[in-house]
Amino acid sequence: MQHAIRAGFVGLGAMGWSMAAHLHQRGLLAAVANRSPDKAQRFAAAHEGTIAATADTIAQCCNVVVLCVSADSDVIDVSRTVAAAAAPGTIVVDHSTVSSTTASAAAALLRAAGGDFVDAPVSGGVEGAKNGKLSIMAGGEAATLARVRPVLDAYAARVTHMGPVGAGQNTKAVNQVLIAGIAQAVTEGLALGEALGLAPDALLPTLAAGAAGNWFLDKRGATMLANQFSVGFKLGLLHKDLRIVRDLALAAGTDRSVIEKSLADYAELMARGHADDDISALIRLKRPQV
Ligand code: NAP
């Protein structure tokens, strides 16, 4: 007989906080953890019935451990800690954007401990996490994915099983090429519109109503023209993603124009101290440089 899901969530950042809140609403969440522990304490205080824990103690009280942490080394560290402390049968679901190699290494750690792993990167931004409308691209065993499906359904508009472990992250890599290219086009276009003196109130809905309309323009067009870059997807994280994507494209022998241009641009913004700004801060480089 399968046990009821007792989920733990590790990584309460821009995405993870809202995703964990959806799990709490569905009655699936038992515990939360975060690198800086004050976030976990604040979350537990605001969500009755959940406790603030560490990756170690979460593994002891939960049979599904969900991650939405920053980078590859974080996924490996937390997976190793969970694998060492968890009961057999524990499943780790990782929503971070990392390489498919990292996903395979984390899966090996969990499987050696009698558990399993699903790589399940997400798309839809902080708005998708808040509204519970993320698109999830999953890699792993079909039976394991079916077992954790109630967890994913708490914050997904769509869940797609892309193949074995790593297939979710490879799908996300493709997604990030599109994200980077759309950001290049929209920021370059809006910087030109601004320089030509076109009124944002008229320009943005006009573009959105035609063939140029897209998610990034809708959600970030007005804020970038108002120089507000604090909400959304940190450009340092997209830079991290694009380094993974570059390796994949190099191995595949496909064109890397968007990838290389975006890596150079975000590196420049990071050097200027903007790593924590939203990716729409790319418009800074598109404006006339003085
Ligand atoms: P974020 O706001 O920087 O949040 C990351 C959270 O994870 C922080 O609270 C951080 O703790 C915690 N953390 C990092 N390493 C940890 C560890 N080893 N153990 C425990 N907690 C750890 O980032 P985010 O925007 O939520 O993104 C999270 C992941 O999702 C990234 O891989 C990102 O690429 C991906 N993603 C982001 C978006 C987006 O639009 N933001 C969309 C899709 C996917 P601290 O408080 O100590 O920093």
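Rules used in this analysis
- Residues numbered from 1 in each chain as written.
- Predicted model: local features only at pLDDT ≥ 70, side-chain atom pairs only at ≥ 80, totals over all residues.
- Heavy atoms only, no water.
- Near = heavy atom within 4 Å.
- Polar contact = N/O pair within 3.5 Å; in protein donor to acceptor, adjacent residues only side chain to side chain.
- Helix = DSSP H or I, 4+ residues; strand = E, 2+ residues; numbered from the N terminus.
- Nonpolar A, V, L, I, M, F, W, Y, C, P; charged D, E, K, R; others polar.
- Domains from an automatic or database assignment.
- Buried < 20%, exposed > 50% of the residue type's maximum accessible area, 1.4 Å probe, protein only.
- Expected span 1.5 Å × (residues − 1).
- Axes fitted to C-alpha atoms, helices over the stretch in contact; angles between N-to-C directions.
- Left-handed = near helix turned anticlockwise from the far one by under 90°.
- Contact = heavy atoms within 4.5 Å.
- Buried area = accessible area lost by both parts, 1.4 Å probe.
- Salt bridge = Lys/Arg side-chain N within 4 Å of Asp/Glu carboxyl O.
- 1 Å grid on protein atoms, 1.4 Å probe; cavity = no way out; pocket = protein on both sides within 12 Å on 5 of 7 lines; lining within 4 Å.
- Points joined across faces, edges and corners; volume = space filled by probe spheres on them.
- Core = buried A, V, L, I, M, F, W, Y, C linked by side-chain atoms within 4.5 Å.

Caption draft 1: Fine view of the site of the ligand. In the vicinity of the ligand there are 27 residues, among which Asn34, Arg35, Ser36, Lys39 and Lys234 approach most closely. The contact in question runs from an oxygen atom of the ligand to an N or O atom on the backbone of Ala14, over 2.9 Å. A distance of 3.1 Å is found between an oxygen atom of the ligand and a backbone nitrogen or oxygen belonging to Val69. Broken down by secondary-structure element, the contributors of at least two residues to the shell around the ligand are helix 4 (72-85), helix 6 (125-131) and helix 11 (235-252). Residue contributions to the shell around the ligand peak at three residues, all from helix 11. Among the residues forming the shell around the ligand, the class breakdown is eleven nonpolar, nine polar and seven charged. A domain split of the shell around the ligand shows at least three residues from each of domain 1 (7-165) and domain 2 (170-286).

Caption draft 2: Quick look at helix 1 (residues 16-25). Of all ten residues making up helix 1, seven are buried, and the element is well covered by its neighbours. Taken together, the buried positions of helix 1 are Gly16, Ser18, Met19, Ala20, Ala21, His22 and Leu23.

Caption draft 3: Quick look at helix 8 (residues 167-195). For helix 8, which comprises 29 residues, the first-to-last C-alpha distance of 43 Å matches the rise-based estimate of 42 Å (1.5 Å per residue) to within 8%. Of the residues one or two after helix 8, Gly197 is the one with positive phi, at around 80°.

Caption draft 4: Structural detail: the packing of helix 8 against helix 11. Two numbers describe how helix 8 lies on helix 11: the axes approach to 9 Å, and their chain directions differ by 115°. Like other packed secondary-structure pairs, helix 8 and helix 11 cross with a definite hand, here left-handed. Counted together, Asn170, Ala173, Gln176, Val177, Ile179 and Ala180 of helix 8 and Leu238, Asp241, Leu242, Val245 and Leu248 of helix 11 form the full contact between these two elements. The class makeup of the residues in the contact of helix 8 with helix 11 is eight nonpolar, two polar and one charged.

Caption draft 5: Inspection of unusual backbone geometry at higher detail. Although it is not a glycine, Asn227 sits at a positive phi angle of roughly 60°. In this structure, Asn227 sits in the loop between helix 10 (215-225) and helix 11. Its relative accessible area of 46% is what places Asn227 among the partly exposed residues.

Caption draft 6: Focus on the domain arrangement of the protein chain. Along its sequence, the protein chain is carved into domain 1 (7-165) and domain 2 (170-286). Placing a centre on the C-alpha atoms of domain 1 and another on those of domain 2 gives a separation of 27 Å. Across the interface of domain 1 and domain 2, roughly 1100 Å² is buried in total on both sides, 60% from carbon and sulfur atoms. Contact with domain 2 buries surface across domain 1, with Thr97, Glu127 and Met137 losing the most and accounting together for 39% of the total. Applying the counting rule to domain 1 against domain 2 returns one salt bridge. With a closest N to O distance of 2.7 Å, Glu127 and Arg220 form a salt bridge. Elements with a minimum of two residues in the side of domain 1 that touches domain 2: strand 7 (122-123) and helix 6. With three residues, the single largest contributor to the side of domain 1 that touches domain 2 is helix 6. Here the side of domain 1 that touches domain 2 is composed, by residue class, of seven nonpolar, seven polar and two charged.

Caption draft 7: Inspection of the layout of surface pockets at higher detail. Roughly 200 Å³ of volume is contained in the second largest pocket. Lining the second largest pocket are 14 residues, with His3, Asn63, Pro88, Gly89 and Thr90 sitting closest to its centre. Counting residues per element, the lining of the second largest pocket draws most heavily on helix 3 (residues 55-61), at three residues.

Caption draft 8: Region of the structure containing the nonpolar core. Among the nonpolar cores identified, the biggest contains 35 residues, and Phe9, Met19, Leu23, Ile136 and Tyr155 are the most heavily contacted of them. Filtering out sequence-adjacent residues up to four positions away, Tyr155 remains in contact with Phe9, Met19, His22, Leu23, Val66, His95, Gly128, Gly132, Lys133, Leu134 and Ile136. One finds Ala173, Val186, Leu203 and Leu235 within the second-largest nonpolar core, a separate group that totals 27 residues.

Caption draft 9: View of the environment of Asp241. If you trace the backbone, Asp241 turns up in helix 11. Each C-alpha atom of the pair Asp241 and Leu203 lies 31 Å from the other, and the pair is 38 residues apart in sequence. Filtering out sequence-adjacent residues up to four positions away, Asp241 remains in contact with Thr97, Gln176 and Phe233. A distance of 2.8 Å separates polar atoms of two side chains, one belonging to Asp241 and the other to Gln176.

Caption draft 10: Geometry of the environment of Phe229. As for its placement among the helices and strands, Phe229 is situated in the loop between helix 10 and helix 11. For Phe229, a relative accessible area of 6% puts it in the buried group. Distance from Phe229 to Ile279, taken between C-alpha atoms, is 7.8 Å for residues 50 residues apart in sequence. Residue contacts for Phe229: discarding those within four places in its chain leaves Met224, Asp277, Asp278, Ser280, Ala281, Ile283 and Arg284.

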